[in-house]
Amino acid sequence: MNYFPLFMNTVAILITCHNRKEKTIDCLVSFYKALNSFNEKQDLKIQVYLTDDGSTDGTGVDIKKHFPETKIIQGSGNLFWANGMRSSWQTALKGNYDAYLLLNDDTTVYKDFLFELFKTHAYCLDTYKEAGIYVGATENQQTKELTYSGAVVTNFFTASIKVIVPDGVKYQRCDFGNANIMLVPKEVVEKIGILSAGYAHGKADYDYTMMARKAKVPALIGPKISGHCVYDHDHYYVNWENKSLSERWKVLYSPTGIDFKSQLKFNRKFFPFRFPLVLLSGYFKLFFPKIYLRRFNIKHKE
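Residues numbered from 1 in each chain as written. Predicted model: local features only at pLDDT ≥ 70, side-chain atom pairs only at ≥ 80, totals over all residues. Heavy atoms only, no water.

Asks: What is the right way to look at helix 3 (residues 80–92) in this model?
Replies: Residues spaced three or four apart along an α-helix face the same direction, because each turn holds 3.6 residues. Counted at 1.5 Å a residue, the expected span for helix 3 with its 13 residues is 18 Å, and the 18 Å between its end C-alpha atoms agrees. By the burial criterion, the buried members of helix 3 are Trp 81, Ala 82, Gly 84, Met 85, Arg 86, Ser 87, Ser 88, Trp 89 and Ala 92. (Helix = DSSP H or I, 4+ residues; strand = E, 2+ residues; numbered from the N terminus. Expected span 1.5 Å × (residues − 1). Buried < 20%, exposed > 50% of the residue type's maximum accessible area, 1.4 Å probe, protein only.)

Here it is, written out as structure tokens:
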């Protein structure tokens, strides 16, 4: 099975960033190392589109210095992840690329990750006779614990999910896919478009793979880990019960906090039966924090 399809020769790399200069540079350094390794066997042409969402630490300037070929789009500082990635993607669409690679700026990719993504593409074409969405899972480099991957929905009424752990062998379908590393061929874009509008920070990648599911487009997670990225979403409930009501409100609606608006949009769209419960639980945790934490046995890391 040929995993270097000649009809996918151009790829746009989509990134958004805000005040994470060192991580963003590390991400691009790791990417170009992987690209050089890949291009020993295949001539893949790429263009990086990076939305610098109002960074004040000189991210955009340093990126342009180290990677002068990067096309930088300036953001207002209020785009956050979802709108920042939409900004990069919308700009890249003008180039009519064969595929689009979504890459988180805090992700360091492994040397063979492009090989693995193209293998997944070849498997998808061979198995499903059409292009799909391909997710590269990540791990914590120190602990080797899985950090980002994807999941299958086991119960649509309760929105229960089972996280997919790469096993080194199988290509596994997912309903939810994390876009820390996600390759999307142009055929998929022609069918379902790009990330949906209306999400601030989170859930836009899950929305995208769920849209694919509705359109019967396969979303696959490859058998190998593609990079490392630290999971940093366990801080929302730190000292939750001791915060003031206004402080909890701020975390609940913050795009980089619980991002309640995005949660409501996502559940209304894909889990309408669960939507009222999500709405009520948001205000329950707001007004009855101690009961909420105890009832749902929510623990956090300081």
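From this point on, the discussion continues.
Asks: Sorry, what's going on with the nonpolar core here?
Replies: Soluble globular proteins tend to bury their nonpolar side chains together. Counting 74 residues, the largest nonpolar core has Phe 31, Trp 89 and Tyr 208 as its most contacted members. Per-element tally for this core: the top contributor is helix 1 (residues 21–38), with eight residues. Contacts of Trp 89, omitting those with residues within four sequence positions, involve Leu 14, Tyr 100, Leu 102, Val 184, Val 189, Ile 194, Leu 195 and Tyr 208. Core analysis: the second largest hydrophobic core is formed by 13 residues, Val 251, Val 278, Tyr 292 and Leu 293 among them. (Core = buried A, V, L, I, M, F, W, Y, C linked by side-chain atoms within 4.5 Å. Contact = heavy atoms within 4.5 Å.)

Asks: Got a minute to help me understand the pairing of strand 9 (residues 160–163) in this structure?
Replies: Along a regular strand, successive side chains alternate from one face of the sheet to the other. As defined by bridge partners, strand 8 (residues 150–155) adjoins strand 9 across four bridges and the pair is classed as antiparallel. Looking across to strand 9, one finds that Val 153 is bridged to Ile 161. Linkage of strand 8 to strand 9, two consecutive antiparallel strands, is achieved through a turn of four residues, within which Ala 159 is found at a positive phi near 60 degrees. (Pairing = 2+ DSSP bridges.)

Asks: I would appreciate a short explanation of the pairing of strand 3 (residues 71–75) in the present structure.
Replies: Judged from the five bridges that link them, strand 2 (residues 45–53) and strand 3 form a sheet pairing that is parallel. Along strand 3, the bridge assignment pairs Leu 50 with Ile 72. The parallel pair strand 2 and strand 3, bridged by helix 2 (residues 59–66), forms a crossover whose chirality is right-handed. (Right-handed = clockwise from strand over helix to strand, strands pointing away.)

Asks: Mind showing me how you'd approach the packing of helix 1 against helix 4 (residues 113–128) here?
Replies: For any two helices packed against each other, one specifies the crossing angle of their axes together with the interaxial distance. Where helix 1 meets helix 4, the axes come as close as 8 Å, and the angle between the chain directions of the two elements is 65 degrees. For the pair helix 1 and helix 4, contact is made by Phe 31, Ala 34, Leu 35, Ser 37 and Phe 38 and by Phe 113, Leu 114, Phe 115 and Phe 118, respectively. Here the residues of the contact of helix 1 with helix 4 sort into eight nonpolar, one polar and no charged. (Axes fitted to C-alpha atoms, helices over the stretch in contact; angles between N-to-C directions. Nonpolar A, V, L, I, M, F, W, Y, C, P; charged D, E, K, R; others polar.)

Asks: Which parts of the structure should I look at to understand the side chain of Asp 52?
Replies: Topologically, Asp 52 is positioned in strand 2. Within the buried set, Asp 52 has no salt-bridge partner at all; the shortest N-O distance to an opposite charge, 10 Å, is to Arg 20. There is a polar contact of 3.2 Å between the side chain of Asp 52 and the backbone nitrogen of Gly 60. Ignoring any residue separated from it by four or fewer positions in sequence, one finds Asp 52 in contact with Cys 17, Thr 59, Gly 60, Ile 72, Ile 73, Gln 74 and Gly 75. (Lys, Arg positive; Asp, Glu negative; His and termini not counted. Salt bridge = Lys/Arg side-chain N within 4 Å of Asp/Glu carboxyl O. Polar contact = N/O pair within 3.5 Å; in protein donor to acceptor, adjacent residues only side chain to side chain.)

Asks: Explain the state of the cysteines to me, please; I cannot follow it from the model alone.
Replies: Among covalent bonds in proteins, the disulfide is the one between the sulfur atoms of two cysteines. Applying the stated criterion across every chain yields a total of zero disulfides. Cysteine Cys 27 remains unbridged, with the sulfur of Cys 229 as its closest cysteine sulfur at 9.1 Å. The thiol of Cys 124 is unpaired, and the distance to the nearest cysteine sulfur, on Cys 174, comes to 11 Å. The exposure class assigned to Cys 124 is buried, which follows from its relative accessible area of 0%. (Disulfide = S-S within 2.5 Å.)

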